[in-house]
Amino acid sequence: MIPVQSGRDHTERLELSCDVVVVGSGASGAVVACTMAEAGYDVLVLEEGPFVPYTDYGAMRPSESLRYTWRGAAVTVAYGLGDTPHINMTMGRVVGGSSVLTGGVCFRVPPSILHRWRTERGIAEMTEEELEPYYQEVETAVHVEEVPEEMRSRSTKLFVLGAARRGIEMRPMKRNTEGCNGCGRCNFGCPHGAKLSVDLTYLPRAAHHGARILADCLVDRVTMKGDRAVGVTGRLLNGKHGKPGSEVVVHARRVVLAAGAAFTPLLLKRSGVHGVSGQVGKNVTVHPGFRTIALFDDKVEGWKGAMQSAYGDVHDPEGLTLTSLFIPPAVLAATMPGVGPELMRRAQNVPYLALFGGIIHDEGGGRVWPGLGREPILTYRMARHDRALIPALVRIMGEAFFAVGAKEIYIPVLGAPPLDADAFRAFPFETVKARDIECSSQHPLGSCRMGKTREHSVVDPLGKVWDTRELYVVDGSIVPTSLGVNPQLTIMTLATRIAHRLRETPLAS
Amino acid sequence: MKRLELVGKSDVRAREPVPIGDGLVARARAVAEAMFATDEGPPPPKRLDWLEKELRGFLGHAGSSARFVFGASVYAVTLLGPLVSGRLGGFASLDLEARKHVLERVEKSFLSTPLLGVKAILCILYFEHPDAARFIGANGACLT
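Residues numbered from 1 in each chain as written. Chains lettered and ligands numbered in written order. Predicted model: local features only at pLDDT ≥ 70, side-chain atom pairs only at ≥ 80, totals over all residues. Heavy atoms only, no water.

*Asks:* Can you help me understand the overall build of chain A in this one?
*Replies:* Helices and strands together make up the secondary structure of chain A, namely 13 helices and 21 strands. For 509 residues, the compact-globule estimate of 2.2 N^0.38 gives 23 Å, and the C-alpha radius of gyration of chain A, at 22 Å, lies within 12% of that figure. On the principal axes, the C-alpha backbone points of chain A span a range of 70 × 50 × 40 Å. A burial count over chain A gives 67% of its 509 residues as buried. For chain A, the proportion of contacts with a sequence separation of at least 24, taken over those separated by at least 6, is 74%. Accessible surface, chain A as shown: approximately 17000 Å² in total, 50% of it carbon and sulfur. Of the charged side chains in chain A, 56 are positive and 54 negative; the average position of the first set lies 5 Å away from that of the second. (Helix = DSSP H or I, 4+ residues; strand = E, 2+ residues; numbered from the N terminus. Rg over C-alpha atoms; globule rule 2.2 N^0.38 Å. Buried < 20%, exposed > 50% of the residue type's maximum accessible area, 1.4 Å probe, protein only. Contact = heavy atoms within 4.5 Å. Areas by Shrake-Rupley, 256 points an atom, 1.4 Å probe, with all protein chains shown as cover. Lys, Arg positive; Asp, Glu negative; His and termini not counted. Charge placed at Lys NZ, Arg CZ, Asp CG, Glu CD.)

*Asks:* Can you help me understand the interface of chain A and chain B in this one?
*Replies:* Think of interface size as the accessible area that goes away when the parts come together; that is how it is often given. In this complex, chain A contributes 71 residues to the contact, which on the side of chain B involves 59 residues. Taken together, the connections running from chain A to chain B amount to six salt bridges. Measuring nitrogen to oxygen at the nearest pair gives 3.0 Å for the salt bridge that ties A:R67 to B:E54. One can count 15 residue pairs in polar contact (both at pLDDT 80 or more) joining chain A with chain B. At six residues, the largest contribution of residues to the side of chain A that touches chain B is made by helix α10 (residues 340-347) of chain A. Across four bridges, strand β1 (residues 2-6) of chain A lies against strand β1 (residues 4-7) of chain B in parallel orientation. Within β1(B), the position partnered with A:I2 by the bridge is B:L4. (Salt bridge = Lys/Arg side-chain N within 4 Å of Asp/Glu carboxyl O. Polar contact = N/O pair within 3.5 Å; in protein donor to acceptor, adjacent residues only side chain to side chain. Pairing = 2+ DSSP bridges.)

*Asks:* I tried to follow the packing of helix α3 (residues 62-69) of chain A against helix α2 (residues 45-62) of chain B on my own but got confused; where do I start?
*Replies:* For the pair α3(A) and α2(B), the least separation of the axes is 8 Å and the interaxial angle reads 25 degrees. Our classification of the angle between α3(A) and α2(B) gives roughly parallel. Where α3(A) crosses over α2(B), the two elements pack in a sense that is left-handed. In this structure, α3(A) contributes A:S63, A:L66, A:R67 and A:Y68 to the contact, and α2(B) contributes B:E54, B:G57, B:F58 and B:H61. Taken together, the residues of the contact of α3(A) with α2(B) sort by class into three nonpolar, three polar and two charged. (Axes fitted to C-alpha atoms, helices over the stretch in contact; angles between N-to-C directions. Parallel < 35°, antiparallel > 145°, perpendicular 65-115°, else oblique. Left-handed = near helix turned anticlockwise from the far one by under 90°. Nonpolar A, V, L, I, M, F, W, Y, C, P; charged D, E, K, R; others polar.)

*Asks:* Which parts of the structure should I look at to understand a nonpolar patch on the surface?
*Replies:* A surface patch of nonpolar side chains, about 670 Å² in accessible area, is lined by B:Y75, B:L79, B:L80, B:L83, B:L88 and B:F110. Within the secondary structure, B:L79 is located in helix α3 (residues 64-84). (Patch = residues over 30% accessible without salt bridge, like charges linked within 9 Å, V, L, I, M, F, W, Y side chains within 5 Å.)

*Asks:* Could you clarify how one ought to interpret the domain arrangement of chain A in this entry?
*Replies:* Residues and elements named next belong to chain A. For chain A, the assigned domains are domain 1 (5-51 + 94-102 + 107-141 + 197-281 + 446-504) and domain 2 (146-187 + 286-441). Computed over C-alpha atoms, the centres of domain 1 and domain 2 are 31 Å apart. If you look at the interface, domain 1 gives 26 residues, while domain 2 gives 20 residues. Taking both partners together, domain 1 and domain 2 bury about 1800 Å²; carbon and sulfur atoms supply 48% of that area. At the boundary of domain 1 with domain 2, the tally comes to two salt bridges. The residue R374 makes a salt bridge to E48 at a minimum N-O spacing of 3.7 Å. The tally of links from domain 1 across to domain 2 stands at eight residue pairs in polar contact (both at pLDDT 80 or more). Elements with a minimum of two residues in the side of domain 1 that touches domain 2: α4 (111-119) and α8 (264-270). Ranked by residue count, the leading element in the side of domain 1 that touches domain 2 is α8, at four residues. Looking at the side of domain 1 that touches domain 2 residue by residue, the classes come out as 14 nonpolar, eight polar and four charged. (Domains from an automatic or database assignment. Buried area = accessible area lost by both parts, 1.4 Å probe.)

*Asks:* Help me understand the pairing of strand β12 (residues 247-257) of chain A, please; the structure alone is not making it clear to me.
*Replies:* Consecutive residues of a regular strand have side chains that alternate between opposite faces of the sheet. Residues and elements named next belong to chain A. Across the eleven residues that make up β12, a large majority, eight, are buried. As defined by bridge partners, strand β2 (residues 14-23) adjoins β12 across nine bridges and the pair is classed as parallel. From the neighbouring strand, V21 faces β12, where its bridge partner is V255. The pairing of strand β11 (residues 228-236) with β12 spans five bridges and is classified as antiparallel. Note that in β12 the partner of V232 across the bridge is V250. Bridge analysis of β12 against strand β21 (residues 471-473) gives three bridges, and the strand direction is parallel. From the neighbouring strand, L257 faces β21, where its bridge partner is V473.

*Asks:* I tried to follow the packing of aromatic side chains on my own but got confused; where do I start?
*Replies:* In this description, a pair of aromatic rings is defined by centroid distance and the angle of the planes. Following the criterion strictly, the structure yields twelve aromatic pairs over all chains and no others. Consider the rings of B:F36 and B:F127, whose centres lie 5.6 Å apart with planes at 80 degrees: the pair is edge-to-face. Note that B:F36 is positioned in the loop between α1 (22-35) and α2 and B:F127 in the loop between α5 (112-126) and α6 (130-135), a separation of 91 residues in sequence. The residues B:F36 and B:F127 share a single accessibility class, namely buried. A cation sits over an aromatic face here: A:R367 above A:W369, 4.1 Å from the ring centre. (Phe/Tyr/Trp six-rings, centres within 6.5 Å; stacked < 30°, edge-to-face > 60°. Lys NZ or Arg CZ within 6 Å of the ring centre and 35° of its normal.)

*Asks:* Help me out: how do you make sense of the nonpolar core in this one?
*Replies:* In summary, soluble globular proteins display a tendency toward joint burial of nonpolar side chains. With 92 residues, the main nonpolar core has A:V43, A:V250 and A:L268 as its most contacted residues. When residues of this core are assigned to domains, at least three map to each of domain 1 (5-51 + 94-102 + 107-141 + 197-281 + 446-504) and domain 2 (146-187 + 286-441) of chain A. What A:V43 contacts, discounting residues up to four positions off in sequence, is A:V20, A:V22, A:A33, A:M36, A:A37, A:G210, A:A211 and A:R212. Within the second largest apolar cluster, 77 residues are counted, among which are A:L332, A:A333, A:V339 and B:A76. (Core = buried A, V, L, I, M, F, W, Y, C linked by side-chain atoms within 4.5 Å.)

*Asks:* Explanation requested: the side chain of A:K195 in the structure shown.
*Replies:* All names here are of chain A. Within the secondary structure, K195 sits in the loop between β8 (174-176) and α7 (202-208). Among the polar contacts made by the side chain of K195, one reaches the main-chain carbonyl oxygen of T102 at a distance of 2.7 Å. Within the structure, the side chain of K195 is placed 2.8 Å from the backbone oxygen of C186, a separation counted as a polar contact. Apart from the residues lying within four places of it in its own chain, the contact partners of K195 are S99, V100, L101, T102, G103, G104, N176, T177, C186, C190 and L200.

Structural data, given as structure tokens:
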């Protein structure tokens with residue numbers, strides 16, 4: 001047995017010491033914890049969420065997974081400013097972080113993005129050659145493999161065929177899976193242990209090498225002694241109903257923040273680490289995502305098959321990526337317009353619905369603000385160019401479905417009725433108010449972006465917070481720009497690169 | 001590699017939820033009764049009892065921020081909704097047809113975003129009931 005402790009099982013103040021404390025147990029934190037523990041460091045991982053063994057996921061309905069393992073039960077919003085939709089932002093809050101709840105999709109950074117990092121952000125070392133060994137290390141550790149075509153859901157097969165008829169080439173996705181049977185519930189925790197999220201890979205390795213993992217522990221701030229990080233303080237979530245209770249104090253010789261793009265900037269600010277750039281909590285990119293649902297005459301039952309299996313980047317130059325996905329029937333029913341008998345009739349069509357999504361490779365405009373409680377407030381102002389892409393994206397997806405015989409399309413506009421082909425083509429998307437557009441995001445990035453100068457970034461290219469000692473950030477917040485593709489693999493790769501340097505850098509005495 | 005295992009007794013599903021106010025749950029139930037009515041009438045009371053219990057469990061574990069957003073959305077829909085559709089009186093005191101009419105109007109008004117939040121959570125919970133899942137043809141073993 002490799003033990004995980006819960007803060008709820010402690011009843012008194014807890015004081016701990018370690019070489020390296022890692023705040024957050026998700027994709028990046030787990031990588032650093034594992035690398036450092038295997039190198040012989042005494043590592044402590046603190047995670048706000050609970051520990052859920054993968055064998056429990058199969059016993060949970062989606063709504064149970066939402067309430068126990070998603071931050072705010074997925075009722076989390078980035079408030080749209082100006083001509084911007086409100087965005088449902090989803091994040092994990094569980095040992096393993098969002099890696100437990102992703103579709104497992106793995107992309108390397110597109111070369112064009114790396115070029116941009118070098119030329120616009122001045123990070124000359126961000127080359128494919130530099131990142132190659134770290135990508136290989138991560139891809140081996142989490143078993144990145146291509147999703148076979150036979151595992152595609154009928155929903156995806158229909159879209160891929162329709163896209164081909166429209167001249168759009170779709171490609172197989174890669175995911176971090178082994179032995180996947182295509183049961184389609186990746187977003188709610190893989191019940192078979194087939195998605196190799198970090199709670200099944202890096203964290204057991206870390207713990208095997210002595211790392212301690214403490215769940216249900218909320219970190220409030222980094223303890224700074226001058227410019228040097230010397231630990232963290234927080235609360236065990238052992239109060240009534242899991243509220244913050246006993247104090248926890250950690251003395252550490254190195255502090256690594258991996259709390260995610262929404263929380264890491266708040267931790268820095270609460271700790272008095274603002275930097276000279278004024279960039280902490282700014283520049284957030286989210287990959288705004290939009291879905292299109294199509295009604296067919298025949299059964300689709302899109303939940304049978306891999307949840308995500310194909311993508312299209314033919315529109316990448318314009319800033320669009322098409323990406324397959326499916327959602328549970330109950331969630332799909334929730335997207336149907338209407339109430340009462342009208343809603344219920346449409347909900348009965350769930351087995352006949354196909355679904356496809358697309359994300360916008362956005363320019364940023366998001367910001368993390370301190371909230372009244374411990375939760376951050378996120379705002380997002382969409383760039384004009386990005387906003388203009390929404391109708392184009394919906395049209396591409398709708399036309400692909402019509403090309404394979406869809407009867408009607410449900411567009412991501414609140415209250416809009418289903419549209420047949422004529423109505424769809426005549427629909428004035430450009431005049432729809434942003435507030436009426438449904439939008440979601442799973443990829444917040446960039447709130448503590450890396451860069452070459454302290455004047456324009458929060459961390460240096462090795463994750464060290466400018467003008468501090470022994471304080472590092474390794475999560476998605478350091479990604480300098482949006483990627484246009486799912487970021488999990490890149491986040492883990494950047495964290496691996498940083499971890500390799502950290503294990504060779506002597507600790508402060 | 002061996003799997004991680006929890007030391008102690010903190011099984012997440014055994015945790016006690018934060019109590020949810022009866023007023024909020026009653027308002028949500030009034031919305032659900034209209035939302036999930038079919039041509040045959042409202043859902044069976046037992047189904048709504050089940051939904052009520054699930055809603056308490058869901059919100060009780062969801063965190064304060066989610067509770068605030070859901071609560072504010074329910075109150076916005078049920079307090080302002082009747083006004084938007086030109087009706088006086090509390091939402092819950094309206095008859096079923098009137099409540100359906102209010103929700104239809106709300107879905108096309110400036111209150112569409114709060115209604116989406118309420119509808120999404122109520123739908124996810126409601127359609128997980130085995131009978132409701134069968135009603136929408138959901139038979140996938142993993143997803144239901």
